[in-house]
Amino acid sequence: MASDQREFVLTDAAGAGSDVLQTLTAAGPEALSWANGGAVRSWRRIWLDTFDWRLYRAGLTLEQVRSGSSQAELVLTGRDGAIVATERLPAASKPEWPRLAAELPAGPLQAALEPVSGLRALAPVARAVSKLAQFQALNDDAKTIARLAVDRVSVTYPARAVLPARLTLVPVRGYQAQAARVGRAIGSLPGVRAGRDSVLEAVLAAAGGQPGEVAGKPSGLQLTPGMPAGRALSQILSGLLDAMEANVPGTLKDIDTEFLHDLRVAVRWTRSALKLCGDALPRGLAREYAPEFRWLGDLTTPTRDFDVFLLGYPAMAASLVGADADELIPFRDHLARSRAAAYRRMVAGLRSARFARLRTNWRAALADVRGTRRPTVAQLADAKIAAAHRRALLGGGKITAASPPESLHDLRKRCKELRYLVEMFGSLHDPAQRWQAVRELKALQDCLGEFQDTEVQRMEIRGYAAQMMAERAAPAETLLAMGEIAARLAVAQATARAQFDGRFADFAGPASRRRMAALARTAAA
Amino acid sequence: MKILATYNIKGGVGKTATAVNIGYLAASDGYRVLLWDLDPQGAASFLFRIKPRVKGGGKALIRGRRTLDDAIKGTDFDRLDLLPADFTYRNLDLVLDAAKQPAKRLASLLAPLHCEYDVVVLDCPPSISLLSESVLHAADLLLVPLIPTTLSVRTLDQLTQFVGGFDGHQPDILAFFSMLDRRKKLHAEIVRDLPEQRPDVATAAIPALSVIEQMSVQRAPVTAFAPRTAAARQYRELWREARERARLPAAPR
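What comes next concerns the included structure.

Definitions and limits used
Residue indices follow the written sequence of each chain, beginning from 1 at its first position. Ligands are numbered from 1 and chains lettered from A, in the order in which they are written. Two thresholds apply to this predicted model, a pLDDT of at least 70 for residue-level local features and 80 or more for giving and counting side-chain atom pairs, whereas whole-chain, interface and lining totals are computed over all residues. Hydrogens and water molecules were not included; the side-chain quantities draw on all heavy atoms of the structure. A run of H or I in DSSP counts as a helix once it spans at least four residues, and a run of E counts as a strand once it spans at least two, with each numbered from the N terminus. The globule rule is 2.2 Å times the number of residues to the power 0.38, and the radius of gyration it is compared with is taken over C-alpha atoms. When accessible area is computed with a 1.4 Å probe and restricted to protein chains, residues below 20% of their type maximum are described as buried, those above 50% as exposed, and intermediate ones as partly exposed. The protein chains shown are the only cover counted for residues, whose accessible areas, like all others here, come from Shrake-Rupley with a 1.4 Å probe. The positive count covers Lys and Arg only, the negative count covers Asp and Glu only, and His and the chain ends enter neither. We put the charge of a Lys on NZ, of an Arg on CZ, of an Asp on CG and of a Glu on CD. Only strands joined by at least two bridges in the DSSP assignment are considered to pair. Note on handedness: a clockwise path from strand one over the helix to strand two, with the strands aimed away from the viewer, defines a right-handed crossover. Each pair of aromatic rings taken from Phe, Tyr and Trp, with Trp reduced to its six-membered ring, is defined by centres within 6.5 Å and is described as stacked if the planes are under 30 degrees apart, edge-to-face if over 60, and tilted in the remaining cases. Polar contacts, as used here, are pairs of N or O atoms within 3.5 Å; protein pairs need one atom able to donate a hydrogen and one able to accept it. Residues neighboring in sequence count only if both atoms are side-chain atoms. One side-chain nitrogen of Lys or Arg within 4 Å of one carboxyl oxygen of Asp or Glu is enough to make a salt bridge. In what follows, residue pairs with any heavy atoms lying within 4.5 Å of each other are defined as contacts. In plain words, nonpolar cores are sets of buried Ala, Val, Leu, Ile, Met, Phe, Trp, Tyr and Cys residues tied together by side-chain atoms within 4.5 Å.

### Here we look at the overall build of chain B
Inference 1: The helix and strand inventory of chain B stands at 13 helices and eight strands.
Inference 2: Relative to the 2.2 N^0.38 estimate, which gives 18 Å for 253 residues, the radius of gyration of chain B is 17 Å and therefore close to what a compact globule would have.
Inference 3: Considered along the principal axes of its C-alpha atoms, chain B spans approximately 50 × 40 × 35 Å.
Inference 4: Relative to its 253 residues, chain B shows a buried fraction of 55%.
Inference 5: Total accessible area on chain B is roughly 11300 Å²; 51% of this is exposed by carbon and sulfur atoms.
Inference 6: Within chain B, one finds 34 positive and 28 negative side-chain charges whose respective centroids are separated by 4 Å.

See the structure below:
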C-alpha cells in the first residue's frame, strides 16, 4: 500500500487554509466526486529516536500517536512509509520518555527496535499536533477508489512552527489506475508540489534542524593536509569540547549509559592529543590543561566502571554454573547502590564551577591558537603516528612470558595512543588504507583489553566482596556466586594472555609494519 | 487463515447477507478479511459497489492464468477486500471438471493468500455441484442458513452426512436460523427447541426484517449502516459463535 501512495504539499494558493474539497472537486476527473470522511481528528504526535539518530540512520521512524483520551500507540515505519510494527501502550500509564527499547512491552515492536537502538534510550526528537481531515474519492458508482488525508501539522518541539498542509492519497486496492489519475490531477493544481520529504523531516526543517545531526561528533572533522598543525589541532580539540558539552545534559539526566561513555571518549581523546601533540600548541597550553582533563576523566571513571558491571550483569548471571542466578542479586543491588553514590559525586563535579571554568577557558584558549605555517597537520600526523607506532613495537617487543601484567597494561596504553592518532587524523588518509593499517592493531587491542579488563574486574569483585561483608550485605551464597564470576574472569584473562604472543607477532610482522609505515608517510605526501 | 463459507442448496435464504455481514464484522474486529463472491449473480459485489467482473473470467482464476491476488478489490471498509463475482462463474463447474483434483482446487488457489488474510469468507451460489464440493473441501467452517422449517432441518442432516463422508479434512458446520418470523408458530417452536437438541445449530437467529432488505438500497452491510437494529445484533451474535467455533486467534490489532 505504502508504495502506491502519493504525497503532496499544499500551499495557501491551493486552498490549504480553506476548502480543500472544493479545490479538489474542481481539479479532478469529471466522473469523480469527493465525500467527506468524517470529523477532523486531532492527533498528538511525538517522534522518537536515539541521541545519535540510530533509527533514522537505519531508515526507521518511530512515532507515538494519541487522539483525545485514547490509548497512545507506537508506530514504527520503514523507509517507504510501510508499517513495520505497532504497539498500544498500557492505558493506565502515561508514556514516559526517554526510555530504552528493552523497557517497552515485549512484542514485534520491541523486537524490531532493540537491535537498532541498543544501549541508547529513545527520546522525543520532535512533537507536533496534527489536525487530520479524511476524504474519499468516489467513482461514478459511488465506490471509494482512493482515500485522501489532509494533514495540518503544528510543530511544538524543538521549536514552534506550522507546516504547509500535507496531502496523502492512498489508492484502494484494485483501483490504482483510477487513483493515479486523481493523483495526477491533484499534482497539476497550482500551488501543489510533490511531498518528497517525510513528515519528520518536514517538522524538523520547519523547526530549524534536520534528522541525523549529532552535535560534536569527534571523528567528523575534515582536515586538509596543508593546514597549520596548531590550527588543525585547535579545531580537533574544539570538536572534542563540542562532543563533551553535547553529552553533558544526557549524562546529568542519566538518560542512558552512552552519554557518559561518549563524554569520556572525548575526554580521553583530548588527553591523548594534549600528551602526544601538545608541542604543536602554544607553549604551556597542554601543560596547563592536561591536569584539568585528567581530573575530568577521574571524576567520571567510577560511574562508568559500575555501568560496565551493570550492563554485563545479565550475561554474568546467566553464565553461572555452580551458583543460581538469584544468588547474585545482592551483588547487583550493591552495584546499583554504589553506582548511585558514584553518580551523585560525578554530577556534583559536572555542575561545579571548576568544570564550568574549564569549558569556558578551554574554548577561549583554543580560539586564540594561531598556527604557524610549519609544521603542517600532515607532517605532524605522519611524525606522531610513526613515533607512536615505534613506541608500541618497542614496548611489546620487551614483553616475555615472565613479564608482569603491568607491562601489558602499558602496551595497551601505547596501542590506544596509536589508535587515537590514526582516528584523529583520519580524514587525511584513505579510509581503505586506514582500515588495512589498523587491522592487526585492533586485534591486539582486543586481546590487551580483555587481559586488563578481566583483571580489573576481578580485583573490583574482591573489593566489592569485602565491602559487602563489612556492610553485612553479602550472604554466603552470594559470595560463592561472586567467586565463580571471579574465577571465570581469571580463566578469560589467562586465555587472553595465551593469545597475546600471536596477536603481537601479527602486529609486529613485516606486512603490518609496512602498512602502518605507509600510513605514516601518506598524509604529507 | 480460516476459511468460512456460507452455504445452502436453496437460494434466497440469506447466504449473501450473512457473508457480507460476517465479513464486515470480522474486519471491524481487526481481522484482515477477503470475501469471495462466487455467485455469478454478484449480489455481494453489488452490495459493496464493486463491478462484478474479473479479467479473464472464472476460467483464468481456476486455471491459474490469473492469480486471485490480481483480481482482489478493496471495499470501502478497512481490512475488508472482495474478490468480485463474474458472470462466467456460471460455468465454473465445467472449468473445475477439467482441472486436476477439482474438489481441492479452491483450497489450493486460496493457499497463497494465507499471509495476507486472517479470514476468507466464501459466498456460494445455491447448488450441489462440483463448485460447492470444492467449497466444502476448502472451508474450515460452513455457515448454513436455515429457514425454520422441518424440511430445512432435513437438508442440514443431508449436508452433515455428505460432509462426514469426506476423506481427510472435513469442515465444521454451524447452522443458524435465517428469515425468522416469530409470529409463525412453527418458526418459534423450531427456534426454541433445535439449538438445545443440536450443538451444530447456533443460538443466533437472523430475523426477517426489512432493514436487511435495505442493504441493497444502502449498498452496505446492515451491521455498518444500522448497527443498533435487532438484525445487526443477531449478526454480531452469529459472528461471535462462528469465531469461537472456527477457533480464530485474537485479531492482530
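### Some remarks on the pairing of strand β7 (residues 172-180) of chain B
Residue and element names in this part refer to chain B.
Inference 1: Here β7 lies mainly inside the structure; seven of its nine residues are buried.
Inference 2: Relative to β7, strand β6 (residues 141-146) is paired through six bridges, and the arrangement is parallel. Residue pairing in the sheet places L142 in a bridge with I173 of β7.
Inference 3: Read as a crossover between parallel neighbours, the route from β6 over helix α8 (residues 150-164) to β7 is right-handed.
Inference 4: As judged from the three bridges shared by β7 and strand β8 (residues 201-207), these two strands associate in the parallel manner. Considered in β8, the bridge of A175 is made with V201.
Inference 5: After leaving β7, the chain enters helix α9 (residues 185-197) and then returns to the sheet as β8, a path that is right-handed.

### A look at the packing of aromatic side chains
All names here are of chain A.
Inference 1: What the rule picks out here adds up to 15 aromatic pairs over all chains.
Inference 2: Between W53 and Y56, the ring centres sit 6.2 Å apart and the planes meet at 75°, which makes this aromatic pair edge-to-face.
Inference 3: When its relative accessible area of 29% is taken as the criterion, Y56 is described as partly exposed.
Inference 4: Look at F500 and F504: their rings are 5.8 Å apart centre to centre, the planes differ by 20°, and that puts the pair in the stacked class.

### Here's the deal with the environment of H114(B)
All names here are of chain B.
Inference 1: The topology assignment puts H114 in the loop between α6 (105-110) and β5 (119-123).
Inference 2: Classification of H114 as partly exposed rests on a relative accessible area of 49%.
Inference 3: Residues H114 and M1 lie 113 residues apart in sequence; the distance between their C-alpha atoms is 5.3 Å.
Inference 4: There is a polar contact of 3.0 Å between the side chain of H114 and the backbone oxygen of A111.

### Focus: the pattern of salt bridges
When charged atoms on two side chains of opposite charge get close, those side chains can pair.
Inference 1: Applying the stated criterion across every chain, the model contains 39 salt bridges over all chains.
Inference 2: Put simply, D69(B) and R173(A) hold a salt bridge, and the shortest N to O gap is 2.4 Å. Highlighted residues: D69(B) in helix α4 (residues 68-71) and R173(A) in the loop between β10 (166-171) and α4 (176-187), drawn from two different chains.
Inference 3: D157(B) is paired through a salt bridge with R198(B); the nearest N and O atoms lie 2.5 Å apart.

### Quick look at helix α7 (residues 130-138) of chain B
Residue and element names in this part refer to chain B.
Inference 1: Most of α7 sits out of view: seven of its nine residues are buried.
Inference 2: Those residues of α7 lying buried are L131, S132, S134, V135, L136, H137 and A138.
Inference 3: Lining the buried residues of α7 we find β1 (2-6), α5 (92-98), α6, β5, β6 and α8.

### A closer look at the environment of L441(A)
All names here are of chain A.
Inference 1: Following the sequence through the fold, L441 ends up in helix α13 (residues 431-470).
Inference 2: For L441, a relative accessible area of 0% gives the class buried.
Inference 3: Sequence separation of L441 and A508 is 67 residues, and the distance between their C-alpha atoms is 9.3 Å.
Inference 4: Discounting residues that sit within four places of it in the chain, L441 has contacts with C415, L418, R419, F507 and M516.

### Quick look at the nonpolar core
In globular proteins that are soluble, nonpolar side chains generally tend to be buried together.
Inference 1: One finds L237(A), L296(A), W362(A), F425(A) and F500(A) to be the most contacted residues of the largest nonpolar core, which totals 75 residues.
Inference 2: Not counting the four nearest positions on each side in its chain, W362(A) is found in contact with L237(A), L241(A), T270(A), L274(A), L285(A), Y289(A), F293(A) and R357(A).
Inference 3: By size, the runner-up hydrophobic cluster in this structure holds 60 residues, among which are A133(A), A179(A), L189(A) and A26(B).

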